[in-house]
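What follows is each chain in one-letter form.
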Amino acid sequence: MEKTGKFILQNIIIAICYIPLAFSAPSITTFIKPNPAVEGESLQFTISVSTDQSVPIFEPEFTANEFHVLGSSYGAEFSQINNKVEKKTRFSFVLMPTKSGNLTIRNIKVKVANDIITSPDINVVVQKSNNNSDDEDTNPASPNNFGKTNNNDNKNNSHLPNRFNSDFTVVASVNKTKAYVGEPINVEYNIYDFGAIRQTIIQKWPSFNGFWKEELDITKRITYNEVYVKGDLMRKAFISRYAIYGLRPGKFNLDKLEVKGMYVYNPGGMSGFGIFDMKSGLHASQSIPLEIVPLPTVGAPANFAGAVGGFQISAKINSTVVEQNTPITLSLELLGNGNFHSIEAPEVKFPSDFEIYDSSSEFIKNNSQITTGKTFNYIAIPRAAGKFEIPSISFSYFDVNVEKYKTIETKSIQLEVTPSDKSFSDTNIYLQKNAKNNPNQTNSTPLTQPMRTFDYKYESSFAKKSFLIFITLIIVNFILALFIYGQFVSNTFSKARLKLDPYAKPKQKIKSIRKDQKIETLLSQIEDIIIDISDIKLGYPTRGLTISQLETSWHEYGFSNAVLTEIKKIHQEIAEARYAKNQTLNSQKVNAERILTSISQLLTKI
């Protein structure tokens, strides 16, 4: 009896321990897609409830006064992990925002059995867009050329067209149509259709002349998702997203994205062989006028060099205690958002006893390849011992949010330089060795054998003339034979050289470039060389491809990323040499010379 009591007690204790494992509390997660959203387009609000038991789950409740609920769906799935069954129930709602701005979904709660589970409020950013879509290219092959018409269009706030083509429509959207020089404008391209399109080809990518372009996202595979557009069910495919920066004041039209698509002409019927009728269409995105205005001249600080945006600055040194004649590196870091591509190294006022060398810079990017900062490295050598101070470094920029100039500063840096036995020449990294050869020395070899002469005597002048004609014909034929043979040997050698070295032509172009020509012509020739290298490497023309497309092709062929990284870097250097502000003609040509050196080094790695 006593043993039976102990056995029952042990089982009760074990059961109590397993109760939390068997009946853990349900959890709830929520998310919005897309966020930010665009006014006039629907978004999907999903509530997911996870439980590990078969308990009743009631439909969620929430407050969304700034949205219309267009539809909802329900789904559930089960999974088994470590002999434990988990049920995940998803509730999806299609919401249409009634206005733009920062909207909120509140009071999110789900009843599970007798318990009420709540979730934090969700903030949704709904952006305004322009409605410049009147000159959308129409497709003559579209059936009836009518498209779909929405009666509830908001012409003031939506970038969407008043009429959609019946096959597909290419739509461009921007977050602003007026910006300062150097202020970013976000551009996005999408394709909309009603389910008929089957194949999509990008015919022409935007080039954004007059702007500095930064690629934020370019799709590798065009995928269509269902969306509600002003009450109508459509499909939408994302194509690309950019940040563009105006280089000069003026009025511009946004570049168009041209798309060719194969679509079902008669989706309601088939041919006698059970095949849909297919047609092709060509469309371009609408033309959006952009205005780039100059920065105000009033209030500009003396050290302002064209930086636009919002920034933070910091400086650090590799060591605060160094020996005399030992190089030090000062790193200056700018973080934030703005036109980092045109920001040059700020001036650093080193002590007079310091020998200063050229600075270098590198961009800081996040996972989406958006530039979020720039680092400048300064090299200096203290030539005297003692305690020194590197004063604070100031940086001025134009803040577009408040439309005012601002100046920020770093903290000053204290540096102690200890005496050293190192001499000046031991640490002069640019010291050149003296030439060993005496330029006055000449090597000459005297002529030791006299020139041979021939003396022929002829009895008549006719014989002399005949001999001269004969000799002349021999010489002419000999020269002609040499020329023909030289051409043959040259062609044969060129073909053999191309087989042995496929990059012989780019190398020859590097040698033949004239450095004294116009800088734009020089940069264009350098750009042609790097495109030739990409063509040879991939085996097909790459002109017109974006960096993302080039990268995709590179990965498809399984090539090394090291060479691709060098090619992308050289493309970036060409763009900087061409568009960076406050450059002299001499500095542009120095940059071009450096790029040619980088290409030559690249050819040794391929």
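Calculation notes
Residues numbered from 1 in each chain as written. Predicted model: local features only at pLDDT ≥ 70, side-chain atom pairs only at ≥ 80, totals over all residues. Heavy atoms only, no water. Buried < 20%, exposed > 50% of the residue type's maximum accessible area, 1.4 Å probe, protein only. Helix = DSSP H or I, 4+ residues; strand = E, 2+ residues; numbered from the N terminus. Pairing = 2+ DSSP bridges. Axes fitted to C-alpha atoms, helices over the stretch in contact; angles between N-to-C directions. Parallel < 35°, antiparallel > 145°, perpendicular 65-115°, else oblique. Contact = heavy atoms within 4.5 Å. Nonpolar A, V, L, I, M, F, W, Y, C, P; charged D, E, K, R; others polar. Core = buried A, V, L, I, M, F, W, Y, C linked by side-chain atoms within 4.5 Å.

1. Regarding the pairing of strand β14 (residues 184-193)
Okay, step 1: Counting buried positions along β14 gives eight out of 10 residues, so the element sits mostly inside the fold.
Okay, step 2: In terms of strand pairing, strand β12 (residues 168-174) meets β14 through seven bridges, oriented antiparallel. For F168, the partnering residue across the bridge sits in β14 and is D193.
Okay, step 3: One ladder, built from 10 bridges, connects β14 with strand β18 (residues 232-246); its direction is antiparallel. Residue pairing for β18: Y189 is matched across the bridge by S240.

2. Examining the sheet that holds strand β29 (residues 386-390)
Okay, step 1: Spatial ordering of the open sheet is given by β24-β32-β29, a layout of three strands whose pairing is mixed. At either margin of the open sheet sits one strand with a lone partner, and together these are β24 (321-323) and β29. Neighbouring strand axes in the sheet, compared pairwise and without regard to direction, differ in orientation by 30° on average.
Okay, step 2: Of the pairings in the sheet, the one linking β24 to strand β32 (residues 413-418) comprises three bridges and is parallel in character. By the bridge assignment, V321 is partnered in β32 with E416.

3. Overview of the packing of helix α4 (residues 504-512) against helix α5 (residues 519-538)
Okay, step 1: One way to put it is that α4 packs onto α5 with a least axis distance of 9 Å and a crossing angle of 175°. Here α5 runs roughly antiparallel to α4, going by the angle between their axes. Facing P506, K509 and I510 of α4, the residues of α5 in contact are I529, D532, I533 and I536.
Okay, step 2: Of the residues that constitute the contact of α4 with α5, the class distribution is five nonpolar, no polar and two charged.

4. So, the nonpolar core
Okay, step 1: The biggest cluster of nonpolar side chains holds 28 residues, and the ones touching the most others in it are V187, Y189, F208, I244, L254 and L257.
Okay, step 2: For this core, the secondary structure elements donating two or more residues are β12, β14, β15 (197-204), β16 (211-218), β18 and β22 (289-293).
Okay, step 3: In contact with L257, not counting residues within four places along its chain, are V170, Y189, I202, K204, W205, P206, I239, H283, A284 and S285.

5. A short note on the sheet that holds strand β13 (residues 178-180)
Okay, step 1: The strand order across the open sheet formed by three strands is β13-β22-β19, and the pairing between neighbours is mixed. What marks the edges here is a single partner per strand, and that holds for β13 and β19 (250-253). The average undirected angle you get between the axes of adjacent strands in this sheet is 25°.
Okay, step 2: Of the strand pairs in this sheet, β19 and β22 are connected by four bridges, and their pairing is antiparallel. Bridging from a neighbouring strand, K251 pairs with E291 of β22.

Read these as layout, nothing more, since geometry by itself doesn't imply function.
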